[in-house]
Amino acid sequence: MFRYIGNKSAIVSDLLNIITQDVEENSVFYDPMCGTASVCEILAQRGFKVIASDSLTFPSMHAEVRIRLNQEPKFSKLGMRYSEVITFLNNSKAISDYF
C-alpha cells in the first residue's frame, strides 16, 4: 500500500461507521481528493456508488484500479498469471544508467 500524508487506511473503519449512520446504502459517495482511495474502496464494497477523483494523476489512476478492478488482471499474451508477472518483474536485474 502506498502511504500518503492524510491517508485514511488507519481510520477507515471509524469513518465507515460515521458515514453509514447518516447515509443510506446505495447512495452516491463523492471523494474529490481521494488519494489512495482507501475510503472509496470500502464504500464501493458496501454497495455505494463511488465517484473518486484527485488533481494528481497517480492517485486518480490508483483509485480507478482499486475501485473498478474486481479480479487480478490477465496477462494472457505473456503466458503468465498476475503473480508470475510480479515475481518476474521483482527478480529482473536493473539496467545500469537507464534513467
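I will try to describe carefully the structure that is included in this document.

The rules behind each value
Residues numbered from 1 in each chain as written. Predicted model: local features only at pLDDT ≥ 70, side-chain atom pairs only at ≥ 80, totals over all residues. Heavy atoms only, no water. Salt bridge = Lys/Arg side-chain N within 4 Å of Asp/Glu carboxyl O. Helix = DSSP H or I, 4+ residues; strand = E, 2+ residues; numbered from the N terminus. Buried < 20%, exposed > 50% of the residue type's maximum accessible area, 1.4 Å probe, protein only. Arc of directions from axis to C-beta. Contact = heavy atoms within 4.5 Å.

Attention shifts here to the pattern of salt bridges. Summed over the entire model, instances satisfying the criterion amount to three salt bridges. The shortest N-O distance in the salt bridge between Glu64 and Arg68 comes to 2.9 Å. Remark: Arg68 and Glu64 occur in helix α3 (residues 57–68); sequence separation between them is four residues, near one turn of the helix.

Glancing now at helix α1 (residues 12–22). When we look at burial in α1, the residues that qualify are Val12, Leu16 and Ile19. All buried residues of α1 fall inside an arc of 70° around its axis, so they share one side. Along α1, exposed side chains directed more than 90 degrees from the buried face belong to Ile18, Gln21 and Asp22. Close packing links the buried residues of α1 with β1 (28–31) and α2 (38–45).

Keep in mind that these numbers describe shape and distance, not what the molecule does.
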